Amino acid sequence: MAGNITFTMIKPDAVAQGYIGPILTKFNEGGYTVRAMKYTRLSRKQAEAFYAIHKERPFFEGLVDFMSSGPIVACILEKENAVENFREFIGATDPAKAPEGSIRKLYGSSIQQNAVHGSDCDENAVIESNFFFSQFERF
Ligand code: CMP
């Protein structure tokens, strides 16, 4: 059965451009409930660990540089079938291929600087949530 939580980050590009507020409003309009939220910055080591699954990819170094370049907002979101619904809601990884009005289309600028992260499966939603939040930081 599909889980009801997903993990997201508002990435450094979107934070730097002042899009935290508009993106949180979008989460709200999409019917997602915030269960945990943190404004923080990843060290290079933390970004490497978070994206370890992509270690062999040619874009890994650039991704780690980018994700550690400035503050991010990490959130656990709740909704029915959260992982799949949220991935559809934010749009394709490449903002150019995301639907009009989606978060990535509105606020992303490239396949790397695509405004938000979304977990790709229930198992990773749990792993990624645990990466940022203790049990006492979830409500
Ligand atoms: P995200 O959903 O955070 O998951 C992995 C990230 O890697 C992705 O969003 C993009 O930011 C980045 N990414 C994926 N594919 C590429 C690519 N071809 N070139 C550069 N960055 C990429």
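This text follows the structure it describes.
Bear in mind that the values here come from a model prediction, so they are computed numbers and not experimental data.

Which parts of the structure should I look at to understand the layout of surface pockets?
Think of a ball as big as a water molecule: rolled over the atoms, this probe shows where empty space is left. The volume enclosed by the largest pocket comes to roughly 630 Å³. Lining the largest pocket we find 24 residues, and of these Y51, H54, L63, H117 and G118 sit closest to its centre. At the level of elements, α3 (44–50), β4 (116–118) and α7 (122–132) are the ones that each hand at least two residues to the lining of the largest pocket. Of the residues forming the lining of the largest pocket, the biggest block, four residues, is contributed by α7. Across the lining of the largest pocket, the residue classes tally to ten nonpolar, eight polar and six charged.

How should I be thinking about helix α2 (residues 20–29) in this particular structure?
Residues separated by three or four positions in an α-helix point in the same direction, a consequence of the helix having 3.6 residues per turn. Inspection of α2 places I23, K26 and F27 among the buried residues, and these make up the whole buried set. The arc that holds every buried residue of α2, seen down its axis, measures 100 degrees, which confines them to one face. Opposite the packed face of α2, turned more than 90 degrees from it, sit the exposed residues N28 and E29. Contact partners of the buried residues in α2: β1 (5–10), α1 (12–16), β3 (72–78), α5 (82–90), α6 (103–107) and β4.

In this structure, what is going on with the site of the ligand? I would like to understand it.
Inspection of the region around the ligand gives K11, Y51, H54, F59, L63, T93, R104, I111, Q112, N114 and H117 as its neighbouring residues. Between R104 and the ligand, the recorded distance is 3.1 Å, taken from a side-chain N or O atom to an oxygen atom. One nitrogen or oxygen atom from the side chain of N114 is found 3.3 Å from an oxygen atom belonging to the ligand. Taking 460 Å² as the accessible area of the ligand by itself, protein coverage stands at 78%. The pocket occupied by the ligand, as judged from atoms lying within 2 Å of grid points, is the largest pocket. Split into classes, the residues belonging to the shell around the ligand amount to four nonpolar, five polar and two charged.

When you look at α5 in this model, what are you seeing that I'm missing?
Every buried residue of α5 is accounted for by A82, V83, F86 and I90. Down the axis, α5 shows its buried residues gathered within 95 degrees of arc, on one side only. Facing away from the buried side of α5 by over 90 degrees, the exposed positions are E84 and E88.

How should the sheet that holds β4 be read in this particular structure?
Hydrogen bonds between backbone atoms are what pair the strands of a sheet, whose relative direction is either parallel or antiparallel. Spatial ordering of the open sheet is given by β2-β3-β1-β4, a layout of four strands whose pairing is antiparallel. The two strands at the open ends of the sheet, each matched to only one other strand, are β2 (33–40) and β4. With strand direction ignored, the average angle separating the axes of adjacent strands in the sheet is 20 degrees. Alignment of β1 against β4, held across three bridges, turns out to be antiparallel. Along β4, the bridge assignment pairs M9 with H117. Contacts from α7 reach β1, β2, β3 and β4, with the element oriented near 55 degrees to β1.

For this particular structure, what's the right way to read the environment of R104?
Mapped onto the elements, R104 comes out in helix α6. Setting aside chain neighbours within four positions, we find R104 in contact with I90, G91, A92, T93, P95, A98, N114, V116, H117 and G118. Reaching out from R104, the side chain makes a polar contact with the backbone oxygen of N114 at a distance of 3.5 Å.

Could you clarify how one ought to interpret the packing of aromatic side chains in this entry?
Geometry of an aromatic ring pair is reported as the spacing of the ring centres plus the angle between the planes. Per the counting criterion, the structure on display carries twelve aromatic pairs. When the ring of F7 is compared with that of F50, the centres are 5.8 Å apart and the planes differ by 50 degrees; the resulting orientation is tilted. Highlighted residues: F7 in strand β1 and F50 in helix α3, separated in sequence by 43 residues. This pair shows no difference in class: F7 is buried, exactly as F50 is. Counting every residue linked through ring pairs, the aromatic cluster contains F7, F50, Y51, F131, F132 and F133. It is K79 that lies over the ring of Y32; its NZ or CZ is 4.8 Å from the centre.

Thresholds, definitions, all that
- Residues numbered from 1 in each chain as written.
- Predicted model: local features only at pLDDT ≥ 70, side-chain atom pairs only at ≥ 80, totals over all residues.
- Heavy atoms only, no water.
- 1 Å grid on protein atoms, 1.4 Å probe; cavity = no way out; pocket = protein on both sides within 12 Å on 5 of 7 lines; lining within 4 Å.
- Points joined across faces, edges and corners; volume = space filled by probe spheres on them.
- Helix = DSSP H or I, 4+ residues; strand = E, 2+ residues; numbered from the N terminus.
- Nonpolar A, V, L, I, M, F, W, Y, C, P; charged D, E, K, R; others polar.
- Buried < 20%, exposed > 50% of the residue type's maximum accessible area, 1.4 Å probe, protein only.
- Arc of directions from axis to C-beta.
- Contact = heavy atoms within 4.5 Å.
- Near = heavy atom within 4 Å.
- Polar contact = N/O pair within 3.5 Å; in protein donor to acceptor, adjacent residues only side chain to side chain.
- Areas by Shrake-Rupley, 256 points an atom, 1.4 Å probe, with all protein chains shown as cover.
- Sits in = over half its atoms within 2 Å of the grid points.
- Pairing = 2+ DSSP bridges.
- Axes fitted to C-alpha atoms, helices over the stretch in contact; angles between N-to-C directions.
- Phe/Tyr/Trp six-rings, centres within 6.5 Å; stacked < 30°, edge-to-face > 60°.
- Lys NZ or Arg CZ within 6 Å of the ring centre and 35° of its normal.

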